[in-house]
Amino acid sequence: MLSHGNQDSLKDVRTKTDNLEDVPQIKAEMERIESDYEFLCSDFTWTQAALRIDQYKALDILQKP
């Protein structure tokens, strides 16, 4: 369930622009996706994978970057 603060952020994402590429949260998420792809294509270690997972657990994708 979204907290009140996250609901406000979600409303901002939905209403500020018609071009989703201009929304900072969407842009940041697209950059994370590209970074994840590059990471998975690399010769990563399981220690690096665990660190990346921990970073995602702490991530709030609706938070303004």
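Above this text is the structure in question.
K.L.:
Provide a residue-level description of the overall build of the protein, including the pertinent values.
P.N.:
When helices and strands are tallied, the protein shows three helices and zero strands. Starting at the N terminus and walking to the C terminus, you meet the elements of the protein as α-α-α. Of all intrachain contacts in the protein linking residues separated by at least 6 positions in sequence, the fraction that spans at least 24 positions is 55%. With an accessible surface of roughly 5,600 Å², the protein has 56% of that area assigned to carbon and sulfur atoms.

K.L.:
Give a detailed account of helix α2 (residues 24–41), specifying residues and quantitative values.
P.N.:
Compared with the 26 Å implied by 1.5 Å per residue over 18 residues, the 26 Å span of α2 between its first and last C-alpha is a close match. Of the residues making up α2, those classed as buried are Gln 25, Ala 28, Arg 32 and Phe 39. Each buried residue of α2 sits inside an arc of 60° when the element is viewed along its axis, so together they form one side. Of the residues in α2, the exposed ones pointing more than 90 degrees away from the buried face are Glu 34, Tyr 37, Glu 38 and Cys 41.

K.L.:
An account of the packing of aromatic side chains is requested, with residue identities and associated values reported.
P.N.:
Enumeration over the complete set of coordinates arrives at two aromatic pairs. Consider the rings of Phe 39 and Phe 44, whose centres lie 4.7 Å apart with planes at 25°: the pair is stacked. Classification of Phe 39 as buried rests on a relative accessible area of 15%. Phe 44 gets classed as partly exposed once you look at its relative accessible area, which sits at 25%. Measuring from centroid to centroid gives 5.7 Å for Phe 44 and Trp 46, while their planes differ by 90°, and the two rings are edge-to-face. When its relative accessible area of 72% is taken as the criterion, Trp 46 is described as exposed. Connected via pairs of aromatic rings, a cluster forms that spans Phe 39, Phe 44 and Trp 46.

Each value, and the rule that gives it
- Counting starts from 1 at the beginning of each chain's written sequence and moves along it residue by residue.
- Local features in this predicted model are restricted to residues whose pLDDT is 70 or higher, and side-chain atom pairs enter the listing and the counts only when it is 80 or higher, whereas totals over whole chains, interfaces and linings include all residues.
- With hydrogens and water excluded, all non-hydrogen atoms of the structure serve as input to the side-chain values.
- In this description a helix means any DSSP run of H or I spanning at least four residues, a strand means any run of E spanning at least two, and both kinds are numbered starting from the N terminus.
- It only takes one pair of heavy atoms within 4.5 Å for two residues to be counted as in contact.
- Accessible surface area values rest on a Shrake-Rupley calculation with a 1.4 Å probe, where residue burial reflects the displayed protein chains alone.
- Expected helix span is given by 1.5 Å per residue-to-residue step, counting one fewer step than there are residues.
- Categorising residues by exposure relies on relative accessible area from a 1.4 Å probe, with only protein chains included: less than 20% of the type maximum marks a residue as buried, more than 50% marks it as exposed, and the intermediate range marks it as partly exposed.
- Arc definition: directions from the helix axis to the C-beta atoms.
- Aromatic contacts are taken between Phe, Tyr and Trp rings whose centres are within 6.5 Å, Trp giving its six-membered ring; a plane angle under 30 degrees counts as stacked, one over 60 as edge-to-face, and the others as tilted.

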